[in-house]
Amino acid sequence: MKVLVPVKRVVDYNVKVRVKSDNTGVDIANVKMSMNPFDEIAVEEAVRLKEKGVVTEVIAVSCGVQQCQETLRTAMAIGADRAILVQTDEELQPLAVAKLLKALFDKEQPGLVILGKQAIDDDCNQTGQMLAALLDLPQATFASKVEVADGKAKVTREVDGGLETISISLPAVITTDLRLNEPRYVTLPNIMKAKKKQLDTVKPEDLGVDVKPRLKTLKVTEPAKRGAGVKVPDVATLVAKLKNEAKVI
Ligand code: AMP
């Protein structure tokens, strides 16, 4: 069984992003870019399934600019077998990515697609769900445990107030939550090995997908600045302030 793992190149989670002065978006010029953390978890999970003998091939896919190749090389250093770059300079929104992934799914016929639950740049949390809908396949989102056997996946999902365990038949779409696993460190020998692995490049037109944005960003603004804190002399004053000024107790 093949597994398709979409990986997005995003601003590194350690970078404090700055909104552009014209409020059209976030400034990503000269900023460190990395693989979306939830996608690292997805690659790790797919590689672990391969190590368990459940999966035969892990294919990483990234949609975006030429530099997404670096993200794909990282996925292959973690253990993905090969990679596909869907190259475009267009701004890609979740529906466009889901359509591109559907086209690749139709071509590769994987038993599973494991995506991140959300990309930490746009925080959309939509692509996996849209892909499942376009493919008319079962989906298990926010996975914290995945077991694959007998043509089914038993997935524990992180839901409000607890965990839900569901069984879905394959092929299916799974999205990862933070507690699913801890991705391994990428070692230098594996980085070197990854350089030799197969990386194919296609264009959205080759897949017959129109990726034009459907949503228009009106403006992006910084969160409101937090006011300075005050020191209180004792607990009684704190309680009084919480009661009378903040009115939270
Ligand atoms: P989102 O719906 O944008 O929050 O993204 C959810 C997941 O979809 C990500 O964690 C990735 O696994 C996948 N994804 C989104 N955009 C891309 C992209 N441009 N290339 C590859 N995978 C993507």
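Described below are features of the structure shown in this document. Each residue is numbered by its place in its chain's sequence as written, counting from 1. Residue-level local features of this predicted model are given only where pLDDT is at least 70; pairs of side-chain atoms are given and counted only at 80 or more, and the full residue set underlies all totals for whole chains, interfaces and linings. Calculated side-chain values reflect all of the structure's heavy atoms, with hydrogen atoms and water omitted.

**Structural notes on the overall build of the protein**
A tally of regular secondary structure across the protein gives six helices and 11 strands. For each residue, the accessible area found with a 1.4 Å probe, counting protein chains only, is set against the maximum for its type, and the residue is called buried under 20%, exposed over 50%, and partly exposed in between. Taking all 249 residues of the protein together, the buried fraction comes to 41%. Roughly 14,300 Å² of accessible area belongs to the protein as shown, and the carbon and sulfur atoms make up 52% of that amount. For this count, His and the chain ends are skipped, Lys and Arg are scored as positive, and Asp and Glu as negative. Lys charges are placed at NZ, Arg charges at CZ, Asp charges at CG and Glu charges at CD. With 37 positive and 34 negative side-chain charges, the protein shows a spacing of 3 Å between the two charge centroids. For the purposes of this entry, the term helix denotes a DSSP run of H or I that reaches at least four residues, the term strand denotes a run of E that reaches at least two, and both are numbered from the N terminus. Throughout, the Shrake-Rupley method with a 1.4 Å probe supplies accessible areas, and for residues the shown protein chains are the sole cover considered.

**Some remarks on unusual backbone geometry**
Here the bond from Leu170 into Pro171 is cis, since omega is 0°, no more than 30 degrees from zero. For Pro171, the location among the structural elements is in the loop between β9 (162–169) and β10 (172–176). Not every positive phi belongs to a glycine, and Asp123 is a case in point at roughly 50°. Mapped onto the secondary structure, Asp123 falls in the loop between β6 (112–116) and α4 (127–135). Its identity as a non-glycine residue notwithstanding, Asp150 has a phi of 50°, on the positive side. The residue Asp150 is located in the loop between β7 (139–149) and β8 (152–159) in this model.

**Thoughts on the site of the ligand**
Residues are classed as near a molecule or strand on a simple rule: at least one heavy atom within 4 Å of it. If you check the shell around the ligand, you find 17 residues, and the closest are Asp39, Ala119, Asn125, Gln126 and Thr127. Think of a polar contact as two N or O atoms within 3.5 Å of one another; within protein, one of them needs to be a possible hydrogen donor and the other a possible acceptor, and neighboring residues in sequence only count if both atoms come from side chains. Within the backbone of Pro6, one N or O atom sits 2.9 Å away from an oxygen atom of the ligand. Against a free-state accessible area of 480 Å², the protein chains account for coverage of 98% of the ligand. Counting residues per element, the ones that place at least two in the shell around the ligand are β4 (57–64) and β6. In terms of residue count, β4 provides more of the shell around the ligand than any other element does, three residues in total. Gly is put with the polar residues, along with every residue not named as nonpolar or charged; the nonpolar set is Ala, Val, Leu, Ile, Met, Phe, Trp, Tyr, Cys and Pro, and the charged set is Asp, Glu, Lys and Arg. In the shell around the ligand, the residues fall into eight nonpolar, seven polar and two charged.

**Quick word on the pairing of β7**
DSSP-based pairing: two strands are paired if at least 2 bridges between them are found. Note that β7 and β10 share three bridges and pair parallel. If you follow Ala140 over to β10, its bridge partner there is Ile174. Inspection of the sheet shows β7 paired to β8 by six bridges, in the antiparallel sense. Looking at β8, one finds that Ala149 is bridged to Lys152. Counting the residues in the hairpin turn of β7 and β8 gives two residues, including Asp150, whose phi is positive at 50°.

**Some words on a nonpolar patch on the surface**
Two distance rules govern patches: like charges are joined within 9 Å, and nonpolar side chains (Val, Leu, Ile, Met, Phe, Trp, Tyr) within 5 Å, applied only to residues with over 30% relative accessible area and no salt bridge. Salt bridge, as used here: a side-chain nitrogen of Lys or Arg that lies within 4 Å of a carboxyl oxygen of Asp or Glu. On the surface, Val186, Leu188, Ile191 and Met192 cluster together to form a nonpolar patch covering roughly 340 Å² of accessible area. Residue Leu188 is classed as exposed on the basis of its relative accessible area, which comes to 59%.

**A short note on the side chain of Glu108**
Checked against the element boundaries, Glu108 lands in helix α3 (residues 94–108). What makes Glu108 buried here is its relative accessible area of 12%. Two residues qualify as a contact provided that any one of their heavy atoms is within 4.5 Å of a heavy atom in the partner residue. Glu108 has contacts with Lys2, Ile59, Arg82 and Ile84, leaving out every residue within four places of it along the chain.

**Some remarks on the environment of Thr156**
Tracing the backbone through its elements, the reader meets Thr156 in strand β8. A sequence separation of 116 residues divides Thr156 from Glu40, and the C-alpha atoms of the two residues are 19 Å apart. Not counting chain neighbours up to four residues away, the residues in contact with Thr156 comprise Phe142, Ala143, Ser144, Lys145, Leu163, Glu164 and Thr165. In terms of polar contacts, Thr156 uses its side chain to reach the side chain of Thr165, at 3.4 Å.

**Here's the deal with the state of the cysteines**
The definition used for a disulfide is geometric: two cysteine sulfur atoms within 2.5 Å. All told, the structure shown has zero disulfides when counted by the stated rule. Cysteine Cys63 remains unbridged, with the sulfur of Cys68 as its closest cysteine sulfur at 8.0 Å. Free of any disulfide, Cys124 has its nearest cysteine sulfur in Cys63, 14 Å distant. For Cys124, a relative accessible area of 30% gives the class partly exposed.

**Let's talk about the pattern of salt bridges**
The tally for this structure, following the rule as stated, stands at 16 salt bridges. Arg184 is the salt-bridge partner of Glu51, the closest N and O atoms lying 2.8 Å from each other. Here the residue Glu51 occupies a position in helix α1 (residues 37–51), and Arg184 occupies one in the loop between β10 and α5 (188–195), the gap between them amounting to 133 residues. Take Glu51: its relative accessible area is 53%, and that puts it in the exposed class.

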